[in-house]
Amino acid sequence: MTQLPVEIAAQVVRWQAGHGRNHLPWQNTRDAYRVWLSEIMLQQTQVATVLEYYARFLARFPDVVQLAAAPQDEVLALWSGLGYYSRARNLHRCAQIVVQQHGGRFPRTVPELAALPGIGRSTAGAIAAFCFGERAAILDANVRRVLTRVLGFRADLAEAKNERELWRLAEALLPKGDLHAAMPRYTQGLMDLGAGICLPRNPSCMLCPLQNVCVARRDGNPQDYPVRTRKLKRSAQAWWLLLRQDGAGRLWLERRPSAGIWAGLYCPPVYASRAELDAALPPPAAGAAEDLPPFIHVLTHRDLHLHPVLARGAGAAADPHCAEAQQAGWFMPAQCLELGLPAPVRRLIDAL
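Keep in mind it's a predicted model, so treat the numbers as computed, not measured. (Residues numbered from 1 in each chain as written. Predicted model: local features only at pLDDT ≥ 70, side-chain atom pairs only at ≥ 80, totals over all residues. Heavy atoms only, no water.)

**Focus on unusual backbone geometry**
Inference 1: That bond from Tyr225 to Pro226 is cis: its omega, -10°, falls within 30 degrees of zero.
Inference 2: Examined against the element boundaries, Pro226 turns out to sit in the loop between α12 (215–219) and β1 (235–245).
Inference 3: Of note, the phi angle at Asn28 is positive, near 55°, even though the residue is not glycine.
Inference 4: Following the sequence through the fold, Asn28 ends up in the loop between α1 (8–19) and α2 (32–42). (Helix = DSSP H or I, 4+ residues; strand = E, 2+ residues; numbered from the N terminus.)

**What about the packing of α2 against helix α3 (residues 47–60)?**
Inference 1: One way to put it is that α2 packs onto α3 with a least axis distance of 10 Å and a crossing angle of 140°. One finds that α2 runs oblique with respect to α3. Seen from above, α2 lies across α3 with right-handed handedness. Between α2 and α3, the residues in contact are Tyr33, Arg34, Leu37, Ser38, Met41 and Leu42 and Val47, Val50, Tyr53, Tyr54, Phe57 and Leu58, respectively. (Axes fitted to C-alpha atoms, helices over the stretch in contact; angles between N-to-C directions. Parallel < 35°, antiparallel > 145°, perpendicular 65-115°, else oblique. Left-handed = near helix turned anticlockwise from the far one by under 90°. Contact = heavy atoms within 4.5 Å.)

**A closer look at the pattern of salt bridges**
Inference 1: Following the criterion strictly, the structure yields 14 salt bridges and no others.
Inference 2: Here Asp31 makes a salt bridge to Arg34, at a shortest N to O gap of 3.7 Å.
Inference 3: On the basis of relative accessibility, which here comes to 31%, the residue Asp31 falls in the partly exposed class.
Inference 4: Among the salt bridges present, the one from Arg234 reaches Asp303, with a minimum N-O distance of 2.6 Å. Of this pair, Arg234 sits in the loop between α12 and β1 while Asp303 sits in strand β7 (residues 302–312); the two residues are 69 residues apart in sequence, bridging distant segments of the chain.
Inference 5: Given a relative accessible area of 22%, Asp303 falls into the partly exposed group.
Inference 6: Put simply, Arg144, Glu163 and Arg228 are held in one network by salt bridges that share partners. (Salt bridge = Lys/Arg side-chain N within 4 Å of Asp/Glu carboxyl O. Buried < 20%, exposed > 50% of the residue type's maximum accessible area, 1.4 Å probe, protein only.)

**Points about the packing of helix α5 (residues 72–79) against helix α6 (residues 86–102)**
What describes two packed helices is the angle between their axes and the distance between those same axes.
Inference 1: Closest axis-to-axis distance for the α5/α6 pair is 10 Å, and the angle between their directions is 135°. Comparing the axis directions of α5 and α6 gives the class oblique. α5 and α6 meet at a crossing whose hand is right-handed. Across from Gln72, Val75, Leu76 and Trp79 in α5, the residues of α6 making contact are Arg87, Ala88, Arg89, Leu91 and His92.
Inference 2: Of the residues assigned to the contact of α5 with α6, the class counts are five nonpolar, two polar and two charged. (Nonpolar A, V, L, I, M, F, W, Y, C, P; charged D, E, K, R; others polar.)

Encoded structure:
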(Lines give C-alpha, C1' and ligand atoms only; values in the text may rest on other atoms or scores of the structure.)
Protein backbone atom coordinates (compact mmCIF):
# COMPACT_ATOMS: atom_id res chain seq x y z
CA MET A 1 0.00 0.00 0.00
CA THR A 2 1.27 3.48 -0.86
CA GLN A 3 2.58 5.36 2.17
CA LEU A 4 0.80 8.70 2.55
CA PRO A 5 2.93 11.73 3.45
CA VAL A 6 2.01 13.38 6.73
CA GLU A 7 0.66 16.94 6.66
CA ILE A 8 0.62 17.25 2.87
CA ALA A 9 -2.65 19.17 2.97
CA ALA A 10 -1.37 21.72 5.48
CA GLN A 11 1.78 22.26 3.43
CA VAL A 12 -0.20 22.86 0.24
CA VAL A 13 -2.59 25.25 2.00
CA ARG A 14 0.27 27.32 3.47
CA TRP A 15 2.12 27.42 0.16
CA GLN A 16 -0.95 28.45 -1.80
CA ALA A 17 -1.67 31.36 0.52
CA GLY A 18 1.77 32.85 -0.06
CA HIS A 19 2.83 31.65 -3.50
CA GLY A 20 -0.19 30.39 -5.42
CA ARG A 21 -2.48 32.14 -7.85
CA ASN A 22 -4.97 34.38 -6.04
CA HIS A 23 -5.80 36.97 -8.70
CA LEU A 24 -7.85 35.09 -11.29
CA PRO A 25 -11.38 36.45 -11.88
CA TRP A 26 -13.09 33.21 -10.82
CA GLN A 27 -11.21 33.04 -7.51
CA ASN A 28 -12.22 34.51 -4.16
CA THR A 29 -15.87 33.73 -4.82
CA ARG A 30 -18.34 31.11 -3.60
CA ASP A 31 -20.62 31.74 -6.58
CA ALA A 32 -21.14 28.26 -8.03
CA TYR A 33 -22.15 29.66 -11.43
CA ARG A 34 -18.87 31.52 -11.87
CA VAL A 35 -16.77 28.64 -10.57
CA TRP A 36 -18.62 26.11 -12.75
CA LEU A 37 -18.21 28.31 -15.85
CA SER A 38 -14.47 28.66 -15.26
CA GLU A 39 -14.01 24.93 -14.60
CA ILE A 40 -15.75 23.97 -17.85
CA MET A 41 -13.77 26.52 -19.86
CA LEU A 42 -10.48 25.42 -18.29
CA GLN A 43 -10.93 21.79 -19.33
CA GLN A 44 -8.05 21.20 -21.78
CA THR A 45 -7.63 24.97 -22.27
CA GLN A 46 -4.95 27.33 -20.96
CA VAL A 47 -5.80 30.04 -18.42
CA ALA A 48 -4.54 32.81 -20.72
CA THR A 49 -6.99 31.73 -23.42
CA VAL A 50 -9.92 31.38 -21.02
CA LEU A 51 -9.63 34.85 -19.48
CA GLU A 52 -11.08 36.71 -22.47
CA TYR A 53 -13.87 34.20 -23.05
CA TYR A 54 -14.81 34.11 -19.37
CA ALA A 55 -15.26 37.88 -19.21
CA ARG A 56 -17.27 37.89 -22.43
CA PHE A 57 -19.56 35.11 -21.21
CA LEU A 58 -20.25 36.83 -17.91
CA ALA A 59 -21.00 40.10 -19.65
CA ARG A 60 -23.62 38.40 -21.82
CA PHE A 61 -24.83 35.75 -19.34
CA PRO A 62 -24.28 37.09 -15.79
CA ASP A 63 -26.18 34.23 -14.17
CA VAL A 64 -27.37 30.71 -14.87
CA VAL A 65 -30.95 31.83 -15.56
CA GLN A 66 -29.91 34.04 -18.47
CA LEU A 67 -27.61 31.37 -19.87
CA ALA A 68 -30.40 28.78 -19.72
CA ALA A 69 -32.79 31.11 -21.58
CA ALA A 70 -30.36 31.88 -24.43
CA PRO A 71 -30.55 30.21 -27.86
CA GLN A 72 -27.92 27.51 -28.25
CA ASP A 73 -26.55 29.20 -31.38
CA GLU A 74 -25.73 32.30 -29.36
CA VAL A 75 -23.91 30.21 -26.76
CA LEU A 76 -21.93 28.43 -29.48
CA ALA A 77 -21.11 31.74 -31.17
CA LEU A 78 -19.61 33.11 -27.94
CA TRP A 79 -17.72 29.84 -27.47
CA SER A 80 -16.29 29.89 -31.00
CA GLY A 81 -12.51 29.54 -30.83
CA LEU A 82 -12.34 27.73 -27.48
CA GLY A 83 -12.69 24.33 -29.12
CA TYR A 84 -14.15 21.11 -27.67
CA TYR A 85 -17.61 22.38 -28.56
CA SER A 86 -19.41 19.60 -26.72
CA ARG A 87 -18.48 21.60 -23.62
CA ALA A 88 -20.60 24.52 -24.84
CA ARG A 89 -23.58 22.31 -25.64
CA ASN A 90 -23.33 20.61 -22.26
CA LEU A 91 -22.88 24.00 -20.59
CA HIS A 92 -26.15 25.21 -22.07
CA ARG A 93 -28.03 22.02 -21.22
CA CYS A 94 -26.61 22.00 -17.68
CA ALA A 95 -27.80 25.56 -17.12
CA GLN A 96 -31.29 24.58 -18.25
CA ILE A 97 -31.40 21.63 -15.86
CA VAL A 98 -30.13 23.73 -12.93
CA VAL A 99 -32.94 26.20 -13.59
CA GLN A 100 -35.66 23.65 -14.29
CA GLN A 101 -34.84 21.04 -11.67
CA HIS A 102 -32.86 22.89 -9.00
CA GLY A 103 -34.53 26.29 -8.94
CA GLY A 104 -31.49 28.06 -10.41
CA ARG A 105 -29.15 26.89 -7.63
CA PHE A 106 -26.34 24.41 -8.19
CA PRO A 107 -26.55 21.32 -5.96
CA ARG A 108 -23.94 21.08 -3.21
CA THR A 109 -22.76 17.45 -3.29
CA VAL A 110 -20.41 15.70 -5.69
CA PRO A 111 -22.90 12.98 -6.75
CA GLU A 112 -25.59 15.57 -7.55
CA LEU A 113 -23.15 17.81 -9.42
CA ALA A 114 -21.63 14.90 -11.35
CA ALA A 115 -25.10 13.94 -12.58
CA LEU A 116 -25.35 17.21 -14.52
CA PRO A 117 -24.29 17.35 -18.22
CA GLY A 118 -20.61 18.07 -18.78
CA ILE A 119 -19.64 17.78 -15.10
CA GLY A 120 -17.42 14.82 -14.36
CA ARG A 121 -16.19 13.67 -10.98
CA SER A 122 -13.19 16.00 -10.86
CA THR A 123 -15.14 19.09 -11.95
CA ALA A 124 -17.86 18.23 -9.43
CA GLY A 125 -15.21 17.96 -6.73
CA ALA A 126 -13.78 21.36 -7.63
CA ILE A 127 -17.19 23.08 -7.49
CA ALA A 128 -18.08 21.38 -4.19
CA ALA A 129 -14.71 22.26 -2.64
CA PHE A 130 -14.52 25.87 -3.85
CA CYS A 131 -18.14 26.86 -3.27
CA PHE A 132 -19.40 24.70 -0.44
CA GLY A 133 -16.28 23.66 1.48
CA GLU A 134 -17.02 20.00 0.80
CA ARG A 135 -14.26 17.47 1.49
CA ALA A 136 -14.06 16.47 -2.17
CA ALA A 137 -11.06 15.43 -4.25
CA ILE A 138 -10.12 16.53 -7.75
CA LEU A 139 -8.03 14.56 -10.20
CA ASP A 140 -7.54 16.49 -13.43
CA ALA A 141 -4.42 15.92 -15.53
CA ASN A 142 -2.24 18.38 -13.58
CA VAL A 143 -3.29 17.12 -10.16
CA ARG A 144 -2.88 13.51 -11.29
CA ARG A 145 0.71 14.31 -12.22
CA VAL A 146 1.42 16.01 -8.88
CA LEU A 147 -0.02 13.21 -6.76
CA THR A 148 1.52 10.31 -8.66
CA ARG A 149 4.95 11.94 -8.34
CA VAL A 150 4.60 12.81 -4.68
CA LEU A 151 3.27 9.35 -3.77
CA GLY A 152 5.48 7.42 -6.18
CA PHE A 153 2.30 5.90 -7.60
CA ARG A 154 3.58 3.64 -10.38
CA ALA A 155 0.43 1.68 -11.19
CA ASP A 156 -0.80 1.92 -14.77
CA LEU A 157 -3.67 4.44 -14.90
CA ALA A 158 -4.89 2.87 -18.12
CA GLU A 159 -6.45 0.24 -15.82
CA ALA A 160 -9.65 1.28 -14.08
CA LYS A 161 -8.74 -0.35 -10.76
CA ASN A 162 -5.57 1.75 -10.53
CA GLU A 163 -7.47 4.94 -11.36
CA ARG A 164 -9.90 4.07 -8.54
CA GLU A 165 -7.00 3.54 -6.15
CA LEU A 166 -5.52 6.94 -7.00
CA TRP A 167 -8.92 8.51 -6.31
CA ARG A 168 -8.96 6.76 -2.92
CA LEU A 169 -5.53 8.14 -2.07
CA ALA A 170 -6.50 11.64 -3.26
CA GLU A 171 -9.48 11.56 -0.90
CA ALA A 172 -7.36 10.30 1.99
CA LEU A 173 -5.01 13.28 1.59
CA LEU A 174 -7.77 15.91 1.87
CA PRO A 175 -7.67 18.49 4.68
CA LYS A 176 -9.56 18.07 7.92
CA GLY A 177 -10.82 20.64 10.38
CA ASP A 178 -12.03 23.98 9.01
CA LEU A 179 -12.99 22.74 5.56
CA HIS A 180 -14.77 25.96 4.57
CA ALA A 181 -11.40 27.74 4.66
CA ALA A 182 -9.03 24.88 3.83
CA MET A 183 -10.74 23.12 0.94
CA PRO A 184 -10.73 26.02 -1.56
CA ARG A 185 -7.09 26.82 -0.85
CA TYR A 186 -5.95 23.18 -0.90
CA THR A 187 -7.80 22.50 -4.17
CA GLN A 188 -6.40 25.64 -5.77
CA GLY A 189 -2.96 24.81 -4.43
CA LEU A 190 -2.85 21.45 -6.17
CA MET A 191 -3.97 23.12 -9.39
CA ASP A 192 -1.29 25.79 -9.03
CA LEU A 193 1.45 23.24 -8.38
CA GLY A 194 0.47 21.29 -11.48
CA ALA A 195 0.22 24.39 -13.65
CA GLY A 196 3.39 26.20 -12.60
CA ILE A 197 5.76 23.99 -10.59
CA CYS A 198 5.22 20.28 -11.21
CA LEU A 199 5.41 20.58 -14.99
CA PRO A 200 5.44 17.58 -17.34
CA ARG A 201 9.03 18.40 -18.28
CA ASN A 202 11.67 20.10 -16.17
CA PRO A 203 9.62 20.52 -12.99
CA SER A 204 10.84 23.20 -10.55
CA CYS A 205 11.27 20.80 -7.64
CA MET A 206 13.29 23.27 -5.53
CA LEU A 207 10.27 25.61 -5.44
CA CYS A 208 7.78 22.91 -4.50
CA PRO A 209 6.44 22.80 -0.92
CA LEU A 210 6.26 19.00 -1.18
CA GLN A 211 9.85 18.43 -2.24
CA ASN A 212 10.80 16.78 1.05
CA VAL A 213 8.11 14.10 0.76
CA CYS A 214 8.06 13.64 -3.02
CA VAL A 215 9.10 10.14 -4.07
CA ALA A 216 9.79 11.17 -7.68
CA ARG A 217 12.15 13.95 -6.57
CA ARG A 218 13.92 11.57 -4.18
CA ASP A 219 14.40 9.00 -6.93
CA GLY A 220 15.22 11.59 -9.61
CA ASN A 221 12.61 10.32 -12.08
CA PRO A 222 9.64 12.73 -12.19
CA GLN A 223 9.37 12.20 -15.95
CA ASP A 224 8.24 8.62 -15.28
CA TYR A 225 4.93 9.76 -13.79
CA PRO A 226 2.06 9.30 -14.30
CA VAL A 227 2.18 5.82 -15.81
CA ARG A 228 -0.30 5.23 -18.61
CA THR A 229 0.54 2.58 -21.19
CA ARG A 230 -2.49 2.93 -23.44
CA LYS A 231 -2.22 6.14 -25.44
CA LEU A 232 -4.34 7.45 -28.27
CA LYS A 233 -2.56 7.68 -31.61
CA ARG A 234 -2.70 10.80 -33.74
CA SER A 235 -4.34 10.62 -37.13
CA ALA A 236 -4.73 12.95 -40.09
CA GLN A 237 -7.67 13.75 -42.34
CA ALA A 238 -8.11 15.98 -45.38
CA TRP A 239 -11.22 18.12 -45.84
CA TRP A 240 -12.17 20.38 -48.75
CA LEU A 241 -14.36 23.28 -47.62
CA LEU A 242 -16.66 24.82 -50.23
CA LEU A 243 -16.98 28.56 -49.56
CA ARG A 244 -19.95 29.08 -51.83
CA GLN A 245 -20.80 32.76 -52.33
CA ASP A 246 -23.76 34.11 -54.26
CA GLY A 247 -24.00 37.37 -56.20
CA ALA A 248 -25.09 39.27 -53.08
CA GLY A 249 -22.00 38.15 -51.18
CA ARG A 250 -23.86 35.66 -49.02
CA LEU A 251 -22.22 32.39 -47.97
CA TRP A 252 -23.88 28.99 -47.77
CA LEU A 253 -23.45 27.36 -44.36
CA GLU A 254 -24.79 24.11 -42.95
CA ARG A 255 -25.13 22.91 -39.39
CA ARG A 256 -22.83 19.95 -38.79
CA PRO A 257 -24.26 16.66 -37.46
CA SER A 258 -24.85 16.37 -33.72
CA ALA A 259 -21.87 14.03 -33.28
CA GLY A 260 -18.30 14.13 -34.55
CA ILE A 261 -15.92 16.96 -35.38
CA TRP A 262 -17.46 20.45 -34.99
CA ALA A 263 -20.76 18.83 -33.99
CA GLY A 264 -23.67 21.25 -34.06
CA LEU A 265 -21.66 24.14 -35.48
CA TYR A 266 -22.26 25.93 -38.78
CA CYS A 267 -19.73 25.23 -41.48
CA PRO A 268 -19.33 25.36 -45.27
CA PRO A 269 -20.05 22.01 -46.97
CA VAL A 270 -17.24 19.51 -46.39
CA TYR A 271 -15.96 17.11 -49.05
CA ALA A 272 -13.41 14.30 -48.98
CA SER A 273 -11.68 15.43 -52.21
CA ARG A 274 -11.47 18.28 -54.68
CA ALA A 275 -13.15 16.10 -57.31
CA GLU A 276 -16.12 15.51 -55.00
CA LEU A 277 -16.35 19.25 -54.34
CA ASP A 278 -16.21 20.07 -58.07
CA ALA A 279 -19.01 17.60 -58.75
CA ALA A 280 -21.28 19.62 -56.45
CA LEU A 281 -20.88 22.74 -58.63
CA PRO A 282 -22.19 23.45 -62.13
CA PRO A 283 -19.38 23.34 -64.75
CA PRO A 284 -18.88 27.10 -65.10
CA ALA A 285 -18.65 27.59 -61.34
CA ALA A 286 -16.38 24.55 -60.88
CA GLY A 287 -13.96 25.86 -63.49
CA ALA A 288 -13.82 29.28 -61.85
CA ALA A 289 -13.50 28.05 -58.27
CA GLU A 290 -10.47 29.51 -56.51
CA ASP A 291 -8.20 27.45 -54.27
CA LEU A 292 -7.34 29.38 -51.14
CA PRO A 293 -4.16 28.54 -49.21
CA PRO A 294 -4.52 25.18 -47.43
CA PHE A 295 -3.65 24.91 -43.75
CA ILE A 296 -3.63 22.45 -40.86
CA HIS A 297 -6.03 22.70 -37.93
CA VAL A 298 -4.78 20.72 -34.94
CA LEU A 299 -7.29 18.81 -32.82
CA THR A 300 -6.50 16.76 -29.72
CA HIS A 301 -5.73 13.52 -31.55
CA ARG A 302 -6.16 14.48 -35.18
CA ASP A 303 -4.70 16.90 -37.70
CA LEU A 304 -7.25 18.34 -40.12
CA HIS A 305 -5.69 19.31 -43.44
CA LEU A 306 -8.14 21.94 -44.65
CA HIS A 307 -8.39 22.98 -48.31
CA PRO A 308 -10.76 25.95 -48.66
CA VAL A 309 -12.18 26.57 -52.13
CA LEU A 310 -14.02 29.80 -52.97
CA ALA A 311 -16.78 29.62 -55.59
CA ARG A 312 -18.20 33.08 -56.27
CA GLY A 313 -21.58 33.50 -57.93
CA ALA A 314 -22.45 29.85 -57.28
CA GLY A 315 -25.69 30.44 -55.46
CA ALA A 316 -28.45 28.96 -57.57
CA ALA A 317 -27.30 25.46 -58.51
CA ALA A 318 -28.91 22.42 -56.94
CA ASP A 319 -26.55 20.62 -54.62
CA PRO A 320 -27.51 17.29 -53.01
CA HIS A 321 -25.13 18.10 -50.17
CA CYS A 322 -27.08 21.28 -49.45
CA ALA A 323 -30.45 19.59 -49.85
CA GLU A 324 -29.57 17.02 -47.19
CA ALA A 325 -28.70 19.65 -44.60
CA GLN A 326 -31.44 19.99 -41.99
CA GLN A 327 -30.41 23.48 -40.97
CA ALA A 328 -28.69 25.48 -43.65
CA GLY A 329 -28.97 28.72 -45.51
CA TRP A 330 -27.41 31.78 -47.08
CA PHE A 331 -25.85 34.25 -44.67
CA MET A 332 -24.16 37.59 -45.11
CA PRO A 333 -20.63 37.54 -43.62
CA ALA A 334 -21.73 39.63 -40.63
CA GLN A 335 -24.58 37.18 -39.97
CA CYS A 336 -22.18 34.24 -40.21
CA LEU A 337 -20.08 35.64 -37.38
CA GLU A 338 -23.11 35.60 -35.09
CA LEU A 339 -23.42 31.81 -35.49
CA GLY A 340 -21.51 29.08 -33.74
CA LEU A 341 -18.55 28.59 -36.07
CA PRO A 342 -15.36 26.51 -35.76
CA ALA A 343 -12.37 28.78 -35.24
CA PRO A 344 -10.75 28.10 -38.66
CA VAL A 345 -14.05 28.76 -40.46
CA ARG A 346 -14.46 32.00 -38.56
CA ARG A 347 -10.99 33.07 -39.70
CA LEU A 348 -11.77 32.22 -43.30
CA ILE A 349 -14.98 34.27 -43.23
CA ASP A 350 -13.19 37.14 -41.52
CA ALA A 351 -10.69 37.12 -44.39
CA LEU A 352 -13.53 37.34 -46.93
